[in-house]
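So you can see what is in the structure, the chains are spelled out below.
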Amino acid sequence: TAGIQEFILNAGQETDTVETGPGTRHLVFSNQDWVLVSALADGTPKEFQMVAGQRSLNGGNIAGPARVRGMENGTTLRFERVR
């Protein structure tokens, strides 16, 4: 469906994924650990280590595509927009 997007990454590969912003929420399903690459309000880069399984990604104050990095080859991330 249009509300689900899937991305397959190799170790160290980064890509922009789903659009986020205030009021958005996605469920994220992953088969391996991965990294969410973001920025603080002042623009300082920030990385969040995410473990395999199901997670929730809330848009918060950051607008634009969620940037992710694979930690192992074949990292599969499936984003389902719920709001």
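Refer to the structure printed above.
Residues numbered from 1 in each chain as written. Predicted model: local features only at pLDDT ≥ 70, side-chain atom pairs only at ≥ 80, totals over all residues. Heavy atoms only, no water.

1. Observations concerning the overall build of the chain
Operational definition: Put simply, DSSP H or I for four residues or longer makes a helix, DSSP E for two residues or longer makes a strand, and each gets a number counted from the N terminus. The globule rule is 2.2 Å times the number of residues to the power 0.38, and the radius of gyration it is compared with is taken over C-alpha atoms. Only protein chains enter the calculation, and the probe is 1.4 Å; a residue is then buried if its accessible area is under 20% of its type maximum, exposed if over 50%, and partly exposed in between. Here, two residues are considered to be in contact whenever any of their heavy atoms come within 4.5 Å of each other. The Shrake-Rupley method, run with a 1.4 Å probe, gives the accessible areas here. Residue values count only the displayed protein chains as cover. Positive residues here are Lys and Arg, negative ones are Asp and Glu, while His and the chain termini are left out of the count. The atoms used to mark charge sites are NZ of Lys, CZ of Arg, CG of Asp and CD of Glu.
Check the secondary structure of the chain and you find 0 helices and 8 strands. For 83 residues, the compact-globule formula gives about 12 Å, and the C-alpha radius of gyration of the chain, at 12 Å, lands near that figure. Considering only C-alpha atoms, the chain reaches an extent of 30 × 30 × 15 Å along its principal axes. Taking all 83 residues of the chain together, 34% fall into the buried category. A separation threshold of at least 6 residues defines the contact pool for the chain, and within that pool the share at least 24 residues apart is 74%. In the form shown here, the chain has an accessible surface area of approximately 4,800 Å², with 49% of it arising from carbon and sulfur atoms. When the 8 basic and 9 acidic side-chain charges of the chain are each reduced to a single mean position, those positions are 7 Å apart.

2. A short note on the environment of V68
Among the secondary structure elements, V68 is positioned in strand β7 (residues 64–70). Measuring from C-alpha to C-alpha, the distance between V68 and I4 comes to 16 Å, with 64 residues separating the pair along the chain. Apart from residues lying up to four places away in sequence, V68 is in contact with L9, Q13, E14, T15, T17, W34, V35, L36, L77 and F79.

3. Focus on the sheet that holds strand β4 (residues 34–39)
Quick note on the threshold: Between any two strands, pairing holds if DSSP finds at least two bridges. In this description, a line fitted to the C-alpha atoms serves as the axis of each element, helices being fitted only across the stretch in contact, and the angle between N-to-C directions of two axes falls anywhere from 0 to 180 degrees.
Taken in spatial order, the 4 strands line up as β2-β7-β4-β5 in an open sheet, and their pairing is antiparallel. Where the open sheet ends on each side, the last strands, each with one partner, are β2 (14–20) and β5 (45–50). When strand polarity is set aside, the average angle formed by the axes of neighbouring strands in this sheet is 30 degrees. Inspection of the sheet shows β4 paired to β5 by 6 bridges, in the antiparallel sense. When the sheet's bridge partners are listed, A39 is paired in β5 with P45.

4. A few points about the pairing of strand β3 (residues 25–30)
Pairing between β3 and strand β6 (residues 53–58): 6 bridges, direction antiparallel. Along β6, the bridge assignment pairs L27 with S56. Sheet analysis places β3 next to strand β8 (residues 75–81), joined by 5 bridges and oriented antiparallel. Pairing of V28 across the sheet is with F79, part of β8.

Taken by themselves, the reported measurements are silent on function.
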